[in-house]
Protein chains: 2
Amino acid sequence: MANYAYLDNAATAPVDVRVIEAMMPYFREKFGNPVSFHECGLRASDAIEVAREQVARLIGGQPGEIIFTSCGTESNNLAIKGLARRGIAKGKHIVVSSIEHFSILHPVRTLEKQGFKVTYVPVDEHGIIDPEQVARSLRPDTVLVSIMHANNEVGTIQPIEDIARVVKKSGAIFHTDAIATAGIIPVDVQKLGVDALSLVSNQFYGPQGVAALWLRRNIGIDPLLEGGIQEGDIRSGTHNVPGIVGIGKAAELAWNEMPKRAKKLTSLRDMLIEGVLKNIEHTILTGHPEKRLPHHASFCVRFIEGEAMLAYLSSQGISAASGSACAAKYLKSSHVLAAMGIPAELAQGSLICTLGIENTKADVDLMIKELPPVVKRLREISPLYDEFIRRNKK
Amino acid sequence: MANYAYLDNAATAPVDVRVIEAMMPYFREKFGNPVSFHECGLRASDAIEVAREQVARLIGGQPGEIIFTSCGTESNNLAIKGLARRGIAKGKHIVVSSIEHFSILHPVRTLEKQGFKVTYVPVDEHGIIDPEQVARSLRPDTVLVSIMHANNEVGTIQPIEDIARVVKKSGAIFHTDAIATAGIIPVDVQKLGVDALSLVSNQFYGPQGVAALWLRRNIGIDPLLEGGIQEGDIRSGTHNVPGIVGIGKAAELAWNEMPKRAKKLTSLRDMLIEGVLKNIEHTILTGHPEKRLPHHASFCVRFIEGEAMLAYLSSQGISAASGSACAAKYLKSSHVLAAMGIPAELAQGSLICTLGIENTKADVDLMIKELPPVVKRLREISPLYDEFIRRNKK
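Residues numbered from 1 in each chain as written. Chains lettered and ligands numbered in written order. Predicted model: local features only at pLDDT ≥ 70, side-chain atom pairs only at ≥ 80, totals over all residues. Heavy atoms only, no water.

Time to look at unusual backbone geometry. The phi dihedral of Y205 of chain A is positive, around 70°, even though this residue is not glycine. Look at F303 of chain B: it is not a glycine, yet its phi comes out positive at around 65°. One can find F303 of chain B in the loop between β10 (296-301) and α9 (306-315). (Helix = DSSP H or I, 4+ residues; strand = E, 2+ residues; numbered from the N terminus.)

This is the structure:
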């Protein structure tokens, strides 16, 4: 059995050695600024165009439709602010789900302050968005709809195709945050029927600091970063050439190896889910039992405070998450679990395990071995658990 | 003599091997997301805090005042939009110089469309900004002044201390774009007297894809990228940990080696300037003869079209620039040279050489050897030169 297990791959994952190898020359031997007018510049420019093809292929888009950015937050901010502001002639109404990532919800809130109206579509107990609900939320002045492809906290995969059909009829632009899915499960922008899609390198074993927004040809967008002439004037700033080479290579590998990876991840995930539910009482699986990401196992462990659980697990060599990966350090009650109707008391015990291609059965075994004593220890000092036991004895 | 010379270090430079070594572990062995609540997260968090100290030290700021971003354009956009919008209670007037980089001028133009008023301060024939001119442009409703520390096209270093004194009296926030200077010449935010300062990793042999905005404590700013909780909520988005480690290491090296580097660069620069002016007639040095960056040699070669010159030089193994590095591929007449009163016909022949610590005398020699025949060949097909010769014969 392993004595260390990293089960937080959605927060960030170790970069694939083949990706690092591909990136390395671009720091020195093949360095260059793609906008320079000489050999070094052309070499760098060629490298990012190869990456553009690799990323486009991963999601069924055209290379010319890929805009490289620095992170998922930037892709999502660019999509929300850039598409909403550009579409202002049609109207100032936006539709999002209530379980979007904060990199969608925060810019939406900013737009709200600037006079946009926003409809937040609810989800069911599994975190699923009903296309009918989206249909009912659409108005003649709806300019933008943004619904995530899969949720990062509970792993639920949305019926994006059905939602897209509904949105298309309205004439609104449809963006999907595919950060949790691109490179993990098949994502095809044509099949999904979306107009814009965000994806992030370090979700599929590429480097941090690079991401992309796919934007369907001929759709206008206001830039967020202005100044140079990069990325068709939609995203200015000197290119991160090694990073872009890295996301390209990672996309190529994800495309080639996806079925093999998904098979392995699904098997580990199911083992983990079964082991946790069997060994820890008063625990539920969050998210949809079937329509979920292959690497995603999320739970609520009752009578437990998530932060304490993470700290204890970490001391046993296990890295996991609770609530949003981006807020793990600053635990607030999860807006996702609340939207799914999970009571705050139960949501407190959120535990999120995201597997990666480097995980093994030994990692899952370690978690299943170490979690029960951690939970036991924490429940022993929980007044809520104490009360529960006393009541049940009566 | 070398058969290849890279003289475009301001566009981007090869990353220092010691910086690459420092970064490498953070792709795999020491990977992590700094906001994660476990050992890997804490390890990543510690790494970026070390980098924050290294970058702060380079410019005489406090670590807590460093905001990591993805590129100089982002730092400049964040400063301009974030400070102007936050300061709206004081007024809606902005002062910039007429030779700022487009990552300053474009967001300023966007703010102008949103109702801000802008004063563009002129420069003299050497590209110097007169603090008196800045003083005259200040109004009671001036909320932000942004003047670059040194210009990237002509290498002129501005009297920022004197300008800061003038701005301070007015109560406006003073930002300086120090992208061309930080890591190259001494930059001390206290001595300069500025409130905010942009700097970029790949200007001092760090990696692309990472930069910083230093912002004096207690100065409010509106975020550009919203969503997570990173960088004190001023810059959300998963950290580029290897990149941040890289800018930190590069800052440390720049700090330690600056005098030695400057001495070498100045010597090569002066050789290059002398050689070009001596060997190419009808050529002027642009920018200030003394108050210029130690690695910067810029010229206007009359009767020459810059783009063609770059192409010929590239075919002889020499990488150089013309006009702004960021626009080299899409040559427009330079707004900087125009602001300095250089006629468009002369500005067309802009040639910018920026030296780096890996350059040698052999690189300079190659340039001095190859440039005259390139210029000769181009002048032979220049109708303007032809006319000039005919006139002078009369």
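There's plenty left to go through after this.
Residues and elements named next belong to chain B. Buried residues dominate strand β7 (residues 196-200), accounting for five of its five residues. Residues A196, S198 and V200 point to one face of β7 and L197 and L199 to the other, with burial holding for every one of them. Bridge count between strand β6 (residues 173-177) and β7: three bridges; the pairing is parallel. Bridge pairing in β7 places T176 opposite L197. (Buried < 20%, exposed > 50% of the residue type's maximum accessible area, 1.4 Å probe, protein only. Pairing = 2+ DSSP bridges.)

Take the confidence of the model for chain A next. Predicted coordinates in regions of low pLDDT should not be interpreted in detail. All names here are of chain A. For chain A, the average pLDDT comes to 95, and 97% of its residues sit at 70 or higher. Every residue in residues 324-329 scores below 50 in pLDDT, and together they form 20 contacts with partners more than four places removed in sequence or on other chains. For this predicted complex, the interface confidence comes out at an ipTM of 0.96, alongside a pTM of 0.96. (pLDDT = per-residue confidence, 0-100. Contact = heavy atoms within 4.5 Å.)

In this section: the interface of chain B and chain A. The interface is formed by 69 residues belonging to chain B together with 69 residues belonging to chain A. For the chain B and chain A pair, buried surface summed over both sides reaches about 5,600 Å², with 59% attributable to carbon and sulfur atoms. Of all residues in chain B, R28, F37 and E226 of chain B give up the largest surface area on contact with chain A, accounting jointly for 14% of the area buried on that side. Between the two partners, chain B and chain A, sit four salt bridges. (Buried area = accessible area lost by both parts, 1.4 Å probe. Salt bridge = Lys/Arg side-chain N within 4 Å of Asp/Glu carboxyl O.)

Residues and elements named next belong to chain A. Domain boundaries assigned for chain A yield domain 1 (5-12 + 258-393) and domain 2 (17-254). Relative to domain 2, the C-alpha centre of domain 1 lies at a distance of 29 Å. Contacts between domain 1 and domain 2 engage 30 residues on the former and 35 residues on the latter. Buried surface at the junction of domain 1 and domain 2, both sides included, amounts to about 2,600 Å², of which 58% is carbon and sulfur. On the surface where domain 1 and domain 2 come into contact, there are zero salt bridges. Where domain 1 touches domain 2, the interface holds 13 residue pairs in polar contact (both at pLDDT 80 or more). When residues of the side of domain 1 that touches domain 2 are traced back to their parent elements, those giving at least two are α8 (241-279), β10 (296-301) and α10 (335-339). Here the element with the most residues in the side of domain 1 that touches domain 2 is α10; it accounts for four residues. (Domains from an automatic or database assignment. Polar contact = N/O pair within 3.5 Å; in protein donor to acceptor, adjacent residues only side chain to side chain.)

Turning our attention to the packing of aromatic side chains. Evaluated as defined, the whole model comprises nine aromatic pairs over all chains. Ring geometry for Y6 of chain A versus F31 of chain B: centroids 4.6 Å apart, planes at 80°, classification edge-to-face. Here F31 of chain B lies in the loop between α1 (17-23) and α2 (39-59) and Y6 of chain A lies in strand β1 (residues 5-6), a pairing that spans two chains. For the pair Y6 of chain A and F31 of chain B, one class covers both residues: buried. (Phe/Tyr/Trp six-rings, centres within 6.5 Å; stacked < 30°, edge-to-face > 60°.)

A word on the sheet that holds β6 of chain B. In any sheet, the strands associate via hydrogen bonds between backbone groups, in a parallel or an antiparallel arrangement. All names here are of chain B. Across the sheet, seven strands lie side by side as β2-β8-β7-β6-β5-β3-β4; this open sheet has mixed pairing. Of all the strands in the sheet, the pair left with one neighbour each is β2 (66-69) and β4 (117-121). Averaged over all pairs of adjacent strands, the angle between strand axes in this sheet comes to 20°, irrespective of strand direction. In this fold α2 packs onto β2, β7 and β8 (211-215), with an angle of close to 110° to the strand it touches most, β2. (Axes fitted to C-alpha atoms, helices over the stretch in contact; angles between N-to-C directions.)

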